[in-house]
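Analysis of the macromolecular model
The residues making up each chain are set out below.
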Amino acid sequence: MSSPTLRLYNTLTHETEPVEPIEEEHLRFYSCGPTVYMYAHIGNFRSFLTADLIRRTAEAIGWDVTNVSNITDVGHLTQDDLVDPGGEDKMQRALEREGERFANIYDLARHYTEAFLEDWGALNLREPEVRPRATEHVTDQLEAVIELVEKEHAYTTDQGVYFSVESVEDYGHLSGNTEAQQLEATERDVVEDPGKQDPRDFALWKHDPQHLMHWHSPWGWGYPGWHIECSVMGMQYLGDRFDLHTGGEDLIFPHHECEIAQNQSLAGHQVVNYWVHTRFLQVEGEKMSKSKGNFYTVRDLIHPGPDDDHVPDSVREQGGVDPLALRYALMQGQYRKPFNFTLDTLHTAARHVRRYQDAAERVDEALEADADGPDELGSRLGSVYGRTLEAMCDDLNTPAATAAALDGVKAIEQTDRLSGATARSARSWLDRTNALLGIVEPDHEAEQHTDKGSENGLALDHLSDSINTLLEDREAARADGEYARADAIRDTLEALGIEVMDTPDGTEWERRGQLG
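Residues numbered from 1 in each chain as written. Predicted model: local features only at pLDDT ≥ 70, side-chain atom pairs only at ≥ 80, totals over all residues. Heavy atoms only, no water.

1. Observations concerning the side chain of His-245
Going by this rule: Under the scheme used here, helices are H or I runs from DSSP no shorter than 4 residues and strands are E runs no shorter than 2 residues, and both carry numbers assigned from the N terminus. Residue burial is assigned from relative accessible area. The probe radius is 1.4 Å, only protein chains are included, and a residue is buried under 20% of its type maximum, exposed over 50%, and partly exposed in between. Any pair of N or O atoms that falls within 3.5 Å is considered a polar contact. Within protein, one atom must be able to donate a hydrogen and the other to accept it, and sequence-neighbouring residues count only if both atoms are side-chain atoms. Two residues qualify as a contact provided that any one of their heavy atoms is within 4.5 Å of a heavy atom in the partner residue.
As for its placement among the helices and strands, His-245 is situated in strand S9 (residues 242–248). We classify His-245 as buried; its relative accessible area is 0%. Side chain to side chain, His-245 and Glu-259 meet in a polar contact 3.0 Å long. With sequence-adjacent residues up to four places away left out, His-245 is seen in contact with Tyr-30, Cys-32, His-256, Glu-259, Val-272, Tyr-274, Trp-275 and Val-276.

This is the structure:
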């Protein structure tokens with residue numbers, strides 16, 4: 001029997017479509033990651049879970065998968081500017097809020113990156129092949145901005161570099177914001193740069209030597225705009241044509257709309273074929289908010305502290321919930337529909353996950369005993385898995401998938417005696433279900449989520465390439481007598497934990513902690 005076809009809702013076409021990879025049976029996709037200024041909340045992770053389930057479903061039907069998911073560790077203003085021109089971005093505000101806890105903004109970024117990766121592993125999310133950090137690709141972003149200026153898709157002002165929306169067709173098509181008046185209204189919080197040619201134009205580079213993170217550029221000291229990083233890193237690691245891009249619905253406009261404009265201006269053609277967005281999450285029927293006491297991070301629910309008064313007593317008193325139960329609870333709403341997260345849903349999820357775990361323990365005991373007898377469950381569990389996979393291929397219908405999979409647990413529970421043959425079929429079903437849904441037991445890969453290279457999870461070869469590119473840029477700056485720029489590059493590398501050494505044989509580098 002052939003595998004079902006993976007179908008997903010494409011925000012770009014407003015239709016549920018069969019996914020047809022550019023490379024046969026090889027899905028290549030980019031997932032927008034977090035800005036690391038605080039602990040990620042469960043709404044953030046609902047979006048990351050969507051990407052994880054796309055990956056697992058694609059693998060279940062026999063495809064190879066290459067996934068890139070970024071870490072935004074450069075502070076950005078929410079829009080191009082704030083109403084207060086001297087306003088600070090989220091990372092700078094976080095540094096002020098944290099007081100003396102961190103030595104600098106780079107320490108803050110590292111701390112919350114590590115915390116994010118811990119939560120990622122706890123929720124049994126598969127690791128992407130590449131997890132690039134924005135700070136490691138500033139040179140690449142600068143090169144892209146220069147190219148956009150040269151192609152007349154961007155222009156400079158005294159305050160920075162802006163993308164010209166009028167230079168591209170169909171800007172606003174992804175979000176439906178196609179009328180100039182609508183776009184201007186959406187940007188109502190943006191201060192007018194006197195040099196901007198159109199209120200809708202967005203920043204590619206901001207000139208601000210006072211920003212806590214800044215780099216030297218042809219336009220002076222500053223930092224990249226928010227949107228350019230994902231365009232650059234997506235195409236660097238996936239090429240100028242790839243299959244799919246995921247993110248939360250809050251990223252449709254302006255972030256993903258701006259990405260499309262940048263991508264097509266740089267590549268000269270459509271870069272991404274499918275755009276998949278996860279809807280917002282509510283808690284107990286209300287928007288998640290700290291003021292309402294219903295704002296939950298992942299670690300609030302799985303590792304609550306004694307002073308976390310906002311965490312429900314039923315969670316705090318038991319020392320937190322099983323992370324797989326939280327994952328299961330988040331899967332009870334299909335990604336494309338608003339989801340109301342409740343404590344009842346969470347506690348029900350915990351009971352169901354416990355049933356999977358009890359079934360797995362019973363099956364493993366039966367495997368050790370290896371009693372004689374026929375296989376009583378193979379055919380039934382095969383049908384259960386088929387229905388589960390079909391539901392996942394149907395636009396990630398997770399409520400239907402988890403309901404179907406639960407029938408498999410019931411089948412194991414209702415079997416009085418598990419023969420060796422029956423236990424082998426049950427173990428195979430548990431493994432396949434876990435590979436697809438990730439709710440039976442933690443994946444080994446997820447537990448080892450930081451083993452792929454640097455401390456931020458970026459594969460070693462990609463990190464090395466980025467560092468070597470920065471060092472080449474530094475050497476070029478020194479050769480041109482641009483010593484301030486060369487020093488800035490060295491400072492950036494050292495802030496990232498890279499020791500730069502100028503030797504008679506050339507420049508060498510090592511990570512701190514690996515020296516000697």
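2. Re unusual backbone geometry
At the junction of Phe-253 and Pro-254, the peptide bond is cis and its omega measures out at 5° in the coordinates. Even without being glycine, Glu-25 reaches a positive phi, approximately 55°. One can find Glu-25 in the loop between strand S2 (15–18) and strand S3 (26–31). Phi at Asp-170 is positive, roughly 65°, even though this residue is not glycine. With respect to the helices and strands, Asp-170 occurs in the loop between strand S6 (160–163) and helix H5 (180–186). Residue classification places Asp-170 among the exposed residues on the basis of a relative accessible area of 62%.

3. Topic: the sheet that holds S6
The cut-off we apply is this: Two strands pair under a simple rule: DSSP has to find at least two bridges between them. With axes taken as lines fitted to C-alpha atoms, and helix axes fitted only over the stretch in contact, angles between N-to-C directions fall between 0 and 180 degrees.
Across the sheet, which stays open at both edges, the four strands sit in the order S5-S6-S7-S8 with antiparallel pairing between neighbours. Because the sheet does not close on itself, it has two edges, and the strands there are strand S5 (154–156) and strand S8 (222–224). Averaged over all pairs of adjacent strands, the angle between strand axes in this sheet comes to 20°, irrespective of strand direction. In the sheet, strand S7 (residues 202–207) pairs with S8 via three bridges, with the strands oriented antiparallel. Paired with Lys-206 across the bridge in S8 is Tyr-223. Contacting S5, S6, S7 and S8, helix H4 (residues 138–150) runs over the sheet at an angle of about 120° to S7.

4. Thoughts on the packing of aromatic side chains
Put simply, the rule is: Any two of the Phe, Tyr and Trp rings considered here, Trp counted by its six-membered ring, make a pair once their centres fall within 6.5 Å; the pair's planes then place it as stacked at under 30 degrees, edge-to-face at over 60, or tilted in between. Charge over a ring is defined by NZ of Lys or CZ of Arg lying within 6 Å of the ring centre and within 35 degrees of the ring normal.
Summed over all chains, the structure comprises 13 aromatic pairs. Considering the side-chain rings of Phe-45 and Phe-48, the 5.3 Å spacing of their centres and the 90° angle between planes classify their relative orientation as edge-to-face. Taken as a pair, Phe-45 and Phe-48 lie in helix H1 (residues 42–60) at a separation of three residues, close to a single helical turn. Per residue, the accessibility class of Phe-45 equals that of Phe-48, and both read buried. A cation over an aromatic ring shows up here: Lys-290 above the ring of Phe-295, its NZ or CZ 5.3 Å from the ring centre. Arg-432 extends its terminal NZ or CZ atom over the ring of Tyr-385, reaching a point 3.9 Å from the ring centre.

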